[in-house]
Amino acid sequence: MNQPKETVQAVQDIKHITQKKKGRAWAAGLIIICGGGLLILLLAFSIAKGAAGIPLSSVWDALFRFDAANTQQLIVVDLRLPRVIASALVGAAFAVAGAILQGTTRNPLADSGLLGLNAGAGFALSICFAFFPGMGYMQIILFSFLGAALGAGLVNGIASLRRGGATPMRLVLAGAAVSALLAALSQGIALYFAVAQDLMFWTAGGVAGSNWEQIKIMTPWILAALLGAIALSRSISLLSLGEDVAKGLGLNTAIVNALCSLIVLILAGASVSVVGAVGFVGLIIPHLARYLVGVDYRWIIPSSAVLGALLMVAADLGARMLNPPFETPIGVLTALVGVPFFLYLSRKQKRAL
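Residues numbered from 1 in each chain as written. Predicted model: local features only at pLDDT ≥ 70, side-chain atom pairs only at ≥ 80, totals over all residues. Heavy atoms only, no water.

Novice: What is the right way to read the overall build of the protein from this model?
Specialist: When its secondary structure is counted, the protein shows 14 helices and zero strands. Written out in order from the N terminus, the α and β elements of the protein read α-α-α-α-α-α-α-α-α-α-α-α-α-α. Across the 353 residues of the protein, 50% fall into the buried class. For the protein, the share of sequence-separated contacts (at least 6 apart) that also reach a separation of at least 24 residues comes to 76%. Carbon and sulfur atoms make up 68% of the accessible area of the protein, which totals about 16900 Å². (Helix = DSSP H or I, 4+ residues; strand = E, 2+ residues; numbered from the N terminus. Buried < 20%, exposed > 50% of the residue type's maximum accessible area, 1.4 Å probe, protein only. Contact = heavy atoms within 4.5 Å. Areas by Shrake-Rupley, 256 points an atom, 1.4 Å probe, with all protein chains shown as cover.)

Novice: How do you make sense of helix α4 (residues 117-131) when you look at a structure like this?
Specialist: Each turn of an α-helix holds 3.6 residues, which means side chains three or four residues apart point in the same direction. Between its terminal C-alpha atoms α4 stretches 21 Å, which fits the 21 Å expected from 15 residues at 1.5 Å a residue. For α4, the tally of buried residues reaches 13 of 15 residues, placing the bulk of the element in the interior. (Expected span 1.5 Å × (residues − 1).)

Novice: Explain the nonpolar core here, please?
Specialist: Nonpolar side chains in soluble globular proteins tend to end up buried together. If you look at the biggest cluster of nonpolar residues, it comprises 101 residues, and the most contacted ones within it are Val96, Ile100, Leu117, Met218, Ile222 and Leu267. A total of 17 residues in this core trace back to one element, the largest contributor, which is helix α3 (residues 71-105). The residues touching leucine 267, leaving out its near neighbours within four places in the chain, are Ala93, Val96, Ala97, Ile222, Ala225 and Leu226. Among the nonpolar cores identified, the runner-up in size contains nine residues, and Leu109, Met169, Phe280 and Leu283 belong to it. (Core = buried A, V, L, I, M, F, W, Y, C linked by side-chain atoms within 4.5 Å.)

Novice: Which parts of the structure should I look at to understand the packing of aromatic side chains?
Specialist: Aromatic ring pairs: the centre-centre distance and the angle between the two ring planes describe each pair. Evaluated as defined, the whole model comprises six aromatic pairs. Residues phenylalanine 132 and phenylalanine 143 carry aromatic rings whose centres are separated by 5.7 Å and whose planes lie at 50 degrees to one another, so their mutual orientation is tilted. One end of the pair, phenylalanine 132, is in the loop between α4 and α5 (137-159); the other, phenylalanine 143, is in helix α5, and 11 residues separate them in sequence. Ring pairing ties together the aromatic residues Phe131, Tyr192 and Phe193, which thus form one cluster. (Phe/Tyr/Trp six-rings, centres within 6.5 Å; stacked < 30°, edge-to-face > 60°.)

Novice: What is the right way to read the packing of α3 against helix α8 (residues 212-231) from this model?
Specialist: Angle between the axes and distance between the axes are the two parameters that describe a pair of packed helices. Two elements in contact, α3 and α8, have axes separated by 10 Å at closest approach and are oriented at 25 degrees. Compared by their axis directions, α3 and α8 come out roughly parallel. Handedness of the α3/α8 crossing: left-handed. Together, Val77, Asp78, Leu81, Pro82, Ile85, Ala86, Leu89, Val90, Ala92, Ala93, Val96 and Ile100 of α3 and Trp212, Ile215, Met218, Thr219, Ile222, Leu223, Leu226 and Ala229 of α8 make up the contact between the two elements. For the contact of α3 with α8, the residue count by class is 18 nonpolar, one polar and one charged. (Axes fitted to C-alpha atoms, helices over the stretch in contact; angles between N-to-C directions. Parallel < 35°, antiparallel > 145°, perpendicular 65-115°, else oblique. Left-handed = near helix turned anticlockwise from the far one by under 90°. Nonpolar A, V, L, I, M, F, W, Y, C, P; charged D, E, K, R; others polar.)

Novice: How do you make sense of the environment of valine 313 when you look at a structure like this?
Specialist: Within the fold, valine 313 resides in helix α13 (residues 297-321). Here the alpha-carbon distance between valine 313 and serine 87, two residues 226 residues apart in the chain, equals 5.3 Å. If near-sequence neighbours (up to four positions away) are discounted, valine 313 is found in contact with Leu39, Leu42, Leu43, Ser46, Val84, Ser87 and Ala88.

Novice: What's the story with the environment of phenylalanine 143 in this structure? I'm lost.
Specialist: Looking at phenylalanine 143, the relative accessible area reads 25%, which means it is partly exposed. Along the sequence, phenylalanine 143 and alanine 124 sit 19 residues apart, while their C-alpha atoms lie 5.7 Å from each other. Every residue in contact with phenylalanine 143, bar those within four places of it in the chain, is listed here: Ala124, Cys128, Phe132 and Met135.

Novice: Got a minute to help me understand the pattern of salt bridges in this structure?
Specialist: Oppositely charged side chains can pair when the atoms bearing their charge come close. Applying the stated rule across the entire model yields four salt bridges. The residue arginine 298 makes a salt bridge to aspartate 296 at a minimum N-O spacing of 3.0 Å. In this structure arginine 298 comes out as partly exposed when scored by relative accessible area, which is 35%. For aspartate 296, a relative accessible area of 3% puts it in the buried group. Here aspartate 316 and arginine 320 are joined by a salt bridge, their closest N and O atoms 3.4 Å apart. With aspartate 316 and arginine 320 both in helix α13, this residue pair falls four residues apart, about one helical turn. (Salt bridge = Lys/Arg side-chain N within 4 Å of Asp/Glu carboxyl O.)

Novice: Can you help me understand helix α12 (residues 281-293) in this one?
Specialist: Here α12 spans 18 Å end to end across 13 residues, near enough to the 18 Å set by a 1.5 Å rise per residue. When we look at burial in α12, the residues that qualify are Val281, Gly282, Leu283, Ile284, Ile285, Pro286, His287, Ala289 and Val293.

Novice: Sorry if this is basic, but what is going on with the packing of α8 against helix α11 (residues 253-275) here?
Specialist: Axis separation between α8 and α11 bottoms out at 9 Å; the angle between their running directions is 155 degrees. In this view, α8 runs roughly antiparallel relative to α11, as classed from their interaxial angle. The handedness of the crossing between α8 and α11 comes out as left-handed. Contacts between α8 and α11 involve Gln214, Met218, Trp221, Ile222, Ala225, Leu226, Gly228 and Ala229 from the former and Ile263, Ile266, Leu267, Ala270, Ser271 and Val274 from the latter. Across the contact of α8 with α11, the residue classes break down as 11 nonpolar, three polar and no charged.

Here it is in structure tokens:
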């Protein structure tokens, strides 16, 4: 009896993943272990460097023998440590969100910024500042989740209107249109209600305003979402083979897609509420991780988390050191790398239009 072509292809893809797994597991382990060590060193270097240079010995003392009367130690604990922790968490969150989107939609151009989630969260923030001044950070995060869901829903709805459904390029084009619309509405609200200065930081993107209250609230959300992504990584690998194939292999695609969407909304919403409109991290990092560790999302997701954290901490350090004592928006630095990479991927996907 002849097997359906899709089943045969699925078996071949699974064999390919299995063969690759042994060869790439060591690469993933190397990235996670060595990348984690490099991240710790980069965090320490980032804390020490800035408008005011601080010796590493003072950083060590601030962490383990804190003296509230010491100005350098106060700078370390109150200003620089929260921002580098926020950078690492947000970088991991954006990267894993991008990896999940690329795996579940089979869209190599997928990214929370390109698909409207970041713009939606920014729109929700503008509403918070205009109509609910003084709102607590927990409420701001919840509004960001709702805004991210609004952006994602509009993009998917518009991209699905044409015959043939939401192809990768249609999703990106719809994402660009929806992002522009939501950004314009955000700016209009900000100007009309005189909250443009409050919104400017989130528009430019950066971690300069990060504080311990934000870290305390956002960390459980992001860590829980990252652990959820790792738990679903095998299912994401199956979804990356195609929804019909995943169903044929016994996967409940509706539940997995719903859980993945929830995780992406949490990661994108929490991140945007802290750093604002920082794009392309979720586009670049999953492709780099896939190149290094193969197509198995059990390795892609943890590797993306480490590489994303490294990229954001390095970008924050560059933002402070590029033109001291002024700061360059992190979004500008990530765009310098991300835009050429996006154009390269777009050229490869032009036939999908």
